[in-house]
Amino acid sequence: MVAPTGVICVGLGPGDPELMSVKADRLVRQARHVAFFRKPGRPGKARQAVQGLLADDVVEYAMEYPVTTELPVDSEAYVQQLSRFYDQWCERLAELARQTQVVVLCEGDPFLYGSFMHLYTRLQARGDVPVDVVPGIPGMVGCWHATGTPITWGDDVLSVMTGTLSEDELVRRMQTADALVIMKVGRNLPRIRRALQRCGRTEAAWLVENGTTAQQQVQRLQDVGDAACPYFAIVLVHGQGRRPEAAW
Ligand SMILES: C[C@@]1(CC(=O)O)C2=NC(=C\c3[nH]c(c(CCC(=O)O)c3CC(=O)O)Cc3[nH]c(c(CC(=O)O)c3CCC(=O)O)/C=C3\N/C(=C\2)[C@@H](CCC(=O)O)[C@]3(C)CC(=O)O)/[C@H]1CCC(=O)O
Ligand SMILES: C[S@@+](CC[C@H](N)C(=O)[O-])C[C@H]1O[C@@H](n2cnc3c(N)ncnc32)[C@H](O)[C@@H]1O
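Cut-offs and rules
Residues numbered from 1 in each chain as written. Chains lettered and ligands numbered in written order. Predicted model: local features only at pLDDT ≥ 70, side-chain atom pairs only at ≥ 80, totals over all residues. Heavy atoms only, no water. Helix = DSSP H or I, 4+ residues; strand = E, 2+ residues; numbered from the N terminus. Rg over C-alpha atoms; globule rule 2.2 N^0.38 Å. Buried < 20%, exposed > 50% of the residue type's maximum accessible area, 1.4 Å probe, protein only. Contact = heavy atoms within 4.5 Å. Areas by Shrake-Rupley, 256 points an atom, 1.4 Å probe, with all protein chains shown as cover. Lys, Arg positive; Asp, Glu negative; His and termini not counted. Charge placed at Lys NZ, Arg CZ, Asp CG, Glu CD. Expected span 1.5 Å × (residues − 1). Arc of directions from axis to C-beta. Near = heavy atom within 4 Å. Polar contact = N/O pair within 3.5 Å; in protein donor to acceptor, adjacent residues only side chain to side chain. Pairing = 2+ DSSP bridges. Axes fitted to C-alpha atoms, helices over the stretch in contact; angles between N-to-C directions.

Colleague: I'm lost on the overall build of the protein in this one. Help?
Modeller: Helix and strand counts for the protein come out as seven helices and ten strands. Scaling as 2.2 N^0.38, a compact globule of 248 residues should have a C-alpha radius of gyration of about 18 Å, and the protein matches this with 20 Å. Its C-alpha atoms put the protein at 65 × 45 × 30 Å along the principal axes. The buried share of the protein, taken over its 248 residues, is 46%. Considering only contacts within the protein whose residues lie at least 6 apart along the sequence, 70% involve residues at least 24 apart. Carbon and sulfur atoms make up 50% of the accessible area of the protein, which amounts to about 13,100 Å² in all. Separation of charge centres in the protein, based on 26 positive and 28 negative side chains, amounts to 2 Å.

Following this line, the structure appears as structure tokens:
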């Protein structure tokens, strides 16, 4: 049998290794070369999720972000550094993937705010290496299960937004939805809280940090201060929509 070549990005789910698909589990265990994103000095969430599953002789490629919160995302320096970073890793993975299969690890689902999307579009544009993606359970799904409460009922509209939006934009989006998922929390928590307050939804909000992992924290937002909230956190408001209840 000819050994596979190309780049395959594997969605790992929200963090608990048991929430990985059978396909993801197989690909991770069989991998000879794995690449994953991380912030310098941190282990990387995707890498942590596969601890104990990788072969002893696997070759690892840590793709370390040149910047995360150090520069504004709309600055020229940020855009230049990030696009160079993606270009370089695309080149490196493509070179490797001509001879062997490279498994890229991705937390959650790769197509939901996943870094791999930036490599995917570049690899597709090159067209010289096969590129494939395996879906994963998104982090938000793990987080709403961590609260033990259904997220949508009946006609509820669920809106997914990011805490990087301005306060006014958050308010505008929150006002038109029943159930809310707010991703990319971290240092944006005070702004998210102000927006929820303006919509009268603070009492119903939950904060889930590191959902489904050993570090999971599930708290009502009103019981939490603004200090030191991790980036891997989600604010949730559950829908309260239509459901058949006996009227008598
Ligand atoms: C700049 C900023 C803006 C924004 O989020 O929009 C942003 N990341 C921020 C913070 C941050 N990022 C990370 C940490 C440390 C986490 C930790 O270690 O605890 C922290 C927090 C910190 O540094 O404190 C690491 C990280 N980030 C991504 C992954 C991989 C992945 O998840 O796939 C991992 C590795 C995770 C792991 O596995 O370990 C992915 C993405 N991060 C992006 C942008 C996009 C790519 C860049 C681009 O193309 O612009 C993309 C693809 C999301 C997208 O494009 O939607 C934002 C500032 C928010 C703010 O303003 O507060
Ligand atoms: C760059 S996005 C990646 C999303 C990922 N691809 C997914 O499908 O969930 C990072 C954001 O996902 C959210 N997130 C992902 N997994 C999480 C988890 N297990 N617990 C809490 N938040 C999570 C956080 O809001 C974090 O800021």
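Continuing now.
Colleague: Explain helix H3 (residues 76-97) here, please?
Modeller: Residue pairs three or four apart in sequence face the same way in an α-helix, which turns once every 3.6 residues. In this model H3 runs 31 Å from its N-terminal to its C-terminal C-alpha over 22 residues, within 8% of the 32 Å that 1.5 Å per residue would give. Taken residue by residue, H3 has Tyr78, Leu82, Phe85, Tyr86, Trp89, Cys90, Leu93, Ala94, Leu96 and Ala97 as its buried positions. With its buried residues spanning 155° around the axis, H3 presents them on a single face. The outward face of H3, more than 90 degrees from its buried face, is lined by the exposed residues Glu76 and Arg84. Lining the buried residues of H3 we find strand S1 (6-11), strand S2 (33-38), strand S3 (59-64), strand S4 (101-106) and helix H4 (116-126).

Colleague: Sorry, what's going on with the site of ligand 2 here?
Modeller: Surveying the vicinity of ligand 2 reveals 18 residues, the closest of which are Pro14, Glu107, Asp109, Tyr231 and Ala233. A distance of 2.9 Å separates an oxygen atom of ligand 2 from a polar backbone atom of lysine 184. A distance of 2.8 Å separates a nitrogen atom of ligand 2 from a polar atom in the backbone of glycine 211. Protein coverage of the free-state accessible area of ligand 2, which is 560 Å², stands at 95%.

Colleague: Would you take a moment to explain the sheet that holds strand S7 (residues 179-183) for this structure?
Modeller: Sheet strands pair by backbone hydrogen bonding; their relative direction is either parallel or antiparallel. The sheet built from five strands is open, its strands ordered S6-S7-S10-S8-S9 with mixed pairing. In this open sheet, the two edge strands, each paired with only one partner strand, are strand S6 (158-162) and strand S9 (217-220). Taken over all neighbouring pairs, the strand axes of this sheet differ in orientation by 20° on average, direction set aside. Along the sheet, helix H5 (residues 139-146) contacts S6, S7, strand S8 (205-209), S9 and strand S10 (233-237); its crossing angle with S10, the most-contacted strand, is approximately 60°.

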